[in-house]
Amino acid sequence: MQAAGGAPLSGAPARPDRARKIALLVVVAAVVYALDQVSKFLVVEFLEHEEPLTVVPGALVLTVIRNAGAAFSIGTGMTIVFTVIALAVVVAIVRTARKLHSLPWAITLGLLLGGAVGNLTDRIFRWPAPFQGHVVDFIQVFPVTRFPVFNLADSGIVCGGVLAVFLAWRGHQIDGTRQTDEPVEGREHTHAEGETDTQAGEPAGERADG
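Residues numbered from 1 in each chain as written. Predicted model: local features only at pLDDT ≥ 70, side-chain atom pairs only at ≥ 80, totals over all residues. Heavy atoms only, no water.

Caption draft 1: Spotlight on the overall build of the protein chain. Across its full length, the protein chain carries six helices and three strands. For the protein chain, the sequential pattern of α-helices and β-strands runs α-β-β-α-α-β-α-α-α. Residue burial in the protein chain is summarised as follows: out of 210 residues, 32% are buried. The long-range share in the protein chain, meaning contacts at least 24 apart out of those at least 6 apart in sequence, stands at 63%. Approximately 12900 Å² of the protein chain is accessible, and the part contributed by carbon and sulfur atoms is 66%. (Helix = DSSP H or I, 4+ residues; strand = E, 2+ residues; numbered from the N terminus. Buried < 20%, exposed > 50% of the residue type's maximum accessible area, 1.4 Å probe, protein only. Contact = heavy atoms within 4.5 Å. Areas by Shrake-Rupley, 256 points an atom, 1.4 Å probe, with all protein chains shown as cover.)

Caption draft 2: View of the sheet that holds strand β1 (residues 53–56). Taken together, three strands build an open sheet; the order of strands is β1-β2-β3 and the sheet is antiparallel. Here the strands that pair on one side only, and so sit at the sheet edges, are β1 and β3 (135–141). Between one strand and the next, the sheet's axes are offset by a mean angle of 35 degrees, whatever the strand orientation. Of the pairings in the sheet, the one linking β1 to strand β2 (residues 60–67) comprises three bridges and is antiparallel in character. Within β2, the position partnered with threonine 54 by the bridge is valine 61. (Pairing = 2+ DSSP bridges. Axes fitted to C-alpha atoms, helices over the stretch in contact; angles between N-to-C directions.)

Caption draft 3: Seen up close, the packing of helix α3 (residues 103–125) against helix α4 (residues 152–170). Where α3 meets α4, the axes come as close as 8 Å, and the angle between the chain directions of the two elements is 150 degrees. The orientation of α3 relative to α4 falls into the category roughly antiparallel. As for how α3 packs across α4, the hand of that crossing is left-handed. Here Pro104, Trp105, Thr108, Leu111, Leu112, Gly115, Ala116, Gly118 and Asn119 of α3 lie close against α4, whose contacting residues are Ala153, Asp154, Gly156, Ile157, Cys159, Gly160, Gly161, Leu163, Ala164, Leu167 and Ala168. (Parallel < 35°, antiparallel > 145°, perpendicular 65-115°, else oblique. Left-handed = near helix turned anticlockwise from the far one by under 90°.)

Caption draft 4: Up close: the environment of valine 144. With respect to the helices and strands, the residue valine 144 is situated in the loop between β3 and α4. As for valine 144 and glycine 58, which are separated by 86 residues in sequence, their C-alpha atoms are 7.3 Å apart.

Caption draft 5: View of the pairing of β3. Within β3, six of the seven residues are buried, leaving the element largely enclosed by the surrounding structure. Bridge analysis of β2 against β3 gives six bridges, and the strand direction is antiparallel. Counted as the bridge partner of leucine 62 is isoleucine 139 from β3.

Caption draft 6: Quick peek at α3. With 23 residues, α3 ought to run about 33 Å at 1.5 Å a step, and its terminal C-alpha atoms sit 33 Å apart, in line with that. Of all 23 residues that make up α3, 18 are buried, and the element is covered over most of its length. Between the side-chain oxygen of the N-cap and the backbone nitrogen of tryptophan 105 there are 3.3 Å, and the N-cap of α3 in question is serine 102. (Expected span 1.5 Å × (residues − 1). Polar contact = N/O pair within 3.5 Å; in protein donor to acceptor, adjacent residues only side chain to side chain.)

Caption draft 7: Spotlight on the packing of aromatic side chains. Enumeration according to the criterion identifies two aromatic pairs in this entry. Ring geometry for phenylalanine 147 and phenylalanine 150: centres 6.2 Å apart, planes at 90 degrees, overall edge-to-face. What makes phenylalanine 147 partly exposed here is its relative accessible area of 38%. Overall, phenylalanine 150 belongs to the buried group, its relative accessible area being 10%. Considering the side-chain rings of phenylalanine 166 and tryptophan 169, the 5.9 Å spacing of their centres and the 55 degrees angle between planes classify their relative orientation as tilted. Here tryptophan 169 and phenylalanine 166 lie together in helix α4, a separation of three residues that amounts to about one turn. Assessed through its relative accessible area of 63%, tryptophan 169 is described here as exposed. (Phe/Tyr/Trp six-rings, centres within 6.5 Å; stacked < 30°, edge-to-face > 60°.)

Take a look at the structure:
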């Protein structure tokens, strides 16, 4: 069946479906960003220049540091480089969203976008200079292991990265398809051959023998 103007009805839901997935991406990104910025504001306001706050002894400590490097304090001294990289990541995610038809990928990209924009905000607006700002980190887990201090934006980026690897491994594509899926044309062709081979209720092999 076709809609007015010859457009197939089967294609009509495509745009609303993509709009919903993009809306989910935006909501997830906004939640991650809001949690990141609110938590940074609170720890800077109440914990900076104070003694580390032990939340769970031996497992979770809140201690404020200013990070000039990448996530988990990697690459300090390259702040402007990481600012440019973060900008490129944000642009790449926004461009990729144009092909978004997958619910899991909407969540994944939302986590990545929210985390990237959260740390990018620090780099643009925080001390010591625009686009060279130091990111606020404050979460320290298992201090005895000396695991790097991080923030909620880093957590969003890591969770999004892990989900992206998992989805790619399972063959889930951003456009909603899977790598293991047989193309529709191939399925229709196979189905047509099966009907031809079983005409009159006889398998193709029996007709050939006859």
